[in-house]
Amino acid sequence: MKKLVSRKIQRAAVASPGHAVSRLRLATYHINLSKLLRKSTLLRVPHPSQIAKDVSSVSTEEVLITSIAEKHISEKRRRALAQSSIIHHVTWNTRDVVLFDYVGRLANRIRALPALFTVLDETDQAIEVCDEQRVVQYVNRAYETVTGCIRSEVIGQPESEMRRKSLPRARGDEERRRSSDWKFIRVPFASNSQFVYMKRSNTTGEAAIFRDVSLKSLKSQTGGIEAPISEVLSMLRDVSGRVDGEPAQTIKDAMKVLSSHELYAPSINRFRDADRIATQYYDGLIRLHHPARQRKRSVVDAHREKRGSHGERRRVSADVKNALENDNCWTFDILHLEKVSDHHALSQVGMKVFERWKVCDILGCSDDLLNRWILSIEAHYHAGNTYHNATHAADVLQATSFFLDSPSVAAHVNESHAVAALLAAAVHDLDHPGRGNAYLINTRQSLALLYNDNSILENHHIALAFQLTLQHNANVNIFSNLSREEFIQMRHSMVEMVLATDISRHFEYLAKFNKMHVTDVAEEQRDTNSLTICDMLVKCADISNPAREWTLCQRWAHRIVVEYFEQTREEKEKGLPVTMEVFDRNTCNVPITQCGFIDMFAREAFATFTEFAKLGELSGQLESNYEKWKQMTSQWTPSHNTNLVL
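Source: prediction; values computed, not measured.

In this section: the overall build of the chain. Counting its secondary structure elements, the chain contains 30 helices and 8 strands. For the chain, the proportion of contacts with a sequence separation of at least 24, taken over those separated by at least 6, is 68%. Total accessible area on the chain stands at roughly 33100 Å², and carbon and sulfur atoms take up 52% of it.

In structure tokens, the structure reads:
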């Protein structure tokens, strides 16, 4: 309620007083009803500041109080009145009746406000209202849709260029600049200076398309993960909605280039046809491999064509067979399979998954060869590691298969990338020493020197996998029947997916996935999207333990912290920099470490991916586990760290 009060004469006009009039009469006010004001009332008050207090105490209705002063009110007096919440003042000659019309118009405007706000909320144009301090007073529903910001988070906050990147600043006569995506309007007759920002209607519909097909949720749009290239693409999308014709197409082409997988890879098109020598230099030294483009089948198409059985059934024990019964479910217990298979979970679940996905058909190899390959891979995992062992690889492989089973995922993934994802999951931690990249760097291990401290283990895992596979005397080359082009594509995909598991690049891959568009895209972009999805899919499978059923979640957590305990102990014994001080067995609060990992890495990744894959129940399980860990934090003591259930 705005209160408008005078200094010199104790008289006020009250618009739409309702029951307030009768209650004020009981409070000893003398009230004159004015015919000029119709529904307004003239009051005589004992003191200019008193009416605000008295009206507030006797009425809960919205009442507009206009005070009358015959002379200009000084700043000192204004400050004194402001202490009583009196902020608006009107100077008026007592012989002039125009003021009464003014108050009447204000009363009518106030009565119309509910209807006006209802209309504003229904309009398709985004609207933001700010006061003279540039603080947001109101935004409508369309504003939430356009900016991705929640109304309750915006109102009361300073205006933001991040929300309105193309918004012009208010300067002089620039109120109605047509070149802007937003129209700036200074509110007329508002003595306290209000400003309105109104989103111009978009005739091309481009901006709406980009927003609708974006994979980023409202939550992630307001988050802190924002790569510079993402900001550039966002700015270009804003501009594309304000231009037509050739400029619009140019902007779209620029966005396509900036969205490419290899942003800094050169594209020297002018050489390819005109200069044979330059073309060969380009292909031989820069491009390196250049497979021909061809239409690739999606996972859905591939499965539709391969419904029949394949080869003989593998002979497995009854216990193993029972343990594998629900391997296509998220509740699958890989730790039980580890037990009944005598630590051969990877080869057992691997062959079951490979058979279901017809991997032999796609690679053109026999079941026996694929079985020898997976046994060779399994043998090169370190059984002594409590976490980074073959069972973890089996767990990631099973999760990868589960994700690929989602129709929303399968529709955008081609079959070669699906097979690459399964194989990458199987080898993604091959020969892991049970120590992290930082430890290898600090101890100057040969692997750190070999890979120049960049994604050391991830590079080693995938390099060793191909070394073992391609050895001539090992007889496990599952790629031997692929053409050169097919092998290069398969190898490139597997390398990309394993490198994506480097946790130091977590936010880079998450931002790339968030910026992906999957509708109305060219064939080349579909192939890029397929690889981006598989990168994210394998990454989520690798950190999926917090989203598993609680018993499995807890046991996997115990396994990883025990491995970290050993690394921390060794770092301290050798006088090395301690990578993660929190994993000191003598002080560690395990539940707090798990809550921290979910907060920093798992929650946003799973929220984003499961929204795309339509697997929301996984995020629900993750949050349920988070609450259980959170409840355990206060009761946890270091003594619990000596008897963790693995």
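Turning our attention to the pairing of strand 6 (residues 136-139). Strand direction decides the pairing type here: strand 5 (residues 127-130) and strand 6, joined by 3 bridges, are antiparallel. Residue pairing across strands places valine 129 opposite tyrosine 138, the latter belonging to strand 6. Hairpin connection of strand 5 to strand 6: 5 residues between the antiparallel strands, including arginine 134 at a positive phi of 65°.

In the Ramachandran plot, histidine 343 falls in the positive-phi region, its phi being about 65° despite a non-glycine side chain. Here histidine 343 is to be found in the loop between helix 15 (334-340) and helix 16 (345-356). The residue asparagine 475 is not glycine, and still its phi comes out positive at about 55°. With respect to the secondary-structure elements, asparagine 475 resides in the loop between helix 24 (456-470) and helix 25 (484-499).

Attention now moves to the nonpolar core. A general feature of soluble globular proteins is that nonpolar side chains tend to end up buried together. Counting 103 residues, the largest nonpolar core has Leu346, Phe354, Leu363, Trp373, Phe403, Phe479 and Phe609 as its most contacted members. Among the elements that line this core, the one with the most residues is helix 21 (residues 415-427), at 10 residues. Residue contacts for phenylalanine 609: discarding those within four places in its chain leaves Phe403, Val409, Phe513, Ile533, Met536, Leu537 and Cys540.

Quick look at a nonpolar patch on the surface now. On the surface, Leu113, Leu116 and Phe117 cluster together into a nonpolar patch covering about 260 Å² of accessible area. Structurally, the position occupied by phenylalanine 117 is in helix 4 (residues 98-122).

Turning our attention to the packing of helix 28 (residues 550-573) against helix 30 (residues 616-632). Two elements in contact, helix 28 and helix 30, have axes separated by 10 Å at closest approach and are oriented at 60°. Between helix 28 and helix 30, the angle is such that the two are oblique. Handedness of the helix 28/helix 30 crossing: right-handed. Only Gln621, Asn625, Lys628, Trp629 and Met632 of helix 30 make contact with helix 28, whose side of the interface consists of Trp550, Cys553, Gln554, Ala557 and His558. Considering only residue class, the contact of helix 28 with helix 30 consists of 5 nonpolar, 4 polar and 1 charged.

This part is about helix 30. Between its terminal C-alpha atoms helix 30 stretches 25 Å, which fits the 24 Å expected from 17 residues at 1.5 Å a residue. Buried residues of helix 30: Leu618, Ser619, Leu622, Asn625, Tyr626 and Trp629, and no others. All buried residues of helix 30 fall inside an arc of 120° around its axis, so they share one side. Within helix 30, the exposed residues directed more than 90 degrees away from the buried face are Glu617 and Gln631. Those residues of helix 30 hidden inside the fold are in contact with helix 19 (390-404), helix 28 and helix 29 (590-613).

What counts, and at which threshold
Residues numbered from 1 in each chain as written. Predicted model: local features only at pLDDT ≥ 70, side-chain atom pairs only at ≥ 80, totals over all residues. Heavy atoms only, no water. Helix = DSSP H or I, 4+ residues; strand = E, 2+ residues; numbered from the N terminus. Contact = heavy atoms within 4.5 Å. Areas by Shrake-Rupley, 256 points an atom, 1.4 Å probe, with all protein chains shown as cover. Pairing = 2+ DSSP bridges. Core = buried A, V, L, I, M, F, W, Y, C linked by side-chain atoms within 4.5 Å. Buried < 20%, exposed > 50% of the residue type's maximum accessible area, 1.4 Å probe, protein only. Patch = residues over 30% accessible without salt bridge, like charges linked within 9 Å, V, L, I, M, F, W, Y side chains within 5 Å. Salt bridge = Lys/Arg side-chain N within 4 Å of Asp/Glu carboxyl O. Axes fitted to C-alpha atoms, helices over the stretch in contact; angles between N-to-C directions. Parallel < 35°, antiparallel > 145°, perpendicular 65-115°, else oblique. Left-handed = near helix turned anticlockwise from the far one by under 90°. Nonpolar A, V, L, I, M, F, W, Y, C, P; charged D, E, K, R; others polar. Expected span 1.5 Å × (residues − 1). Arc of directions from axis to C-beta.

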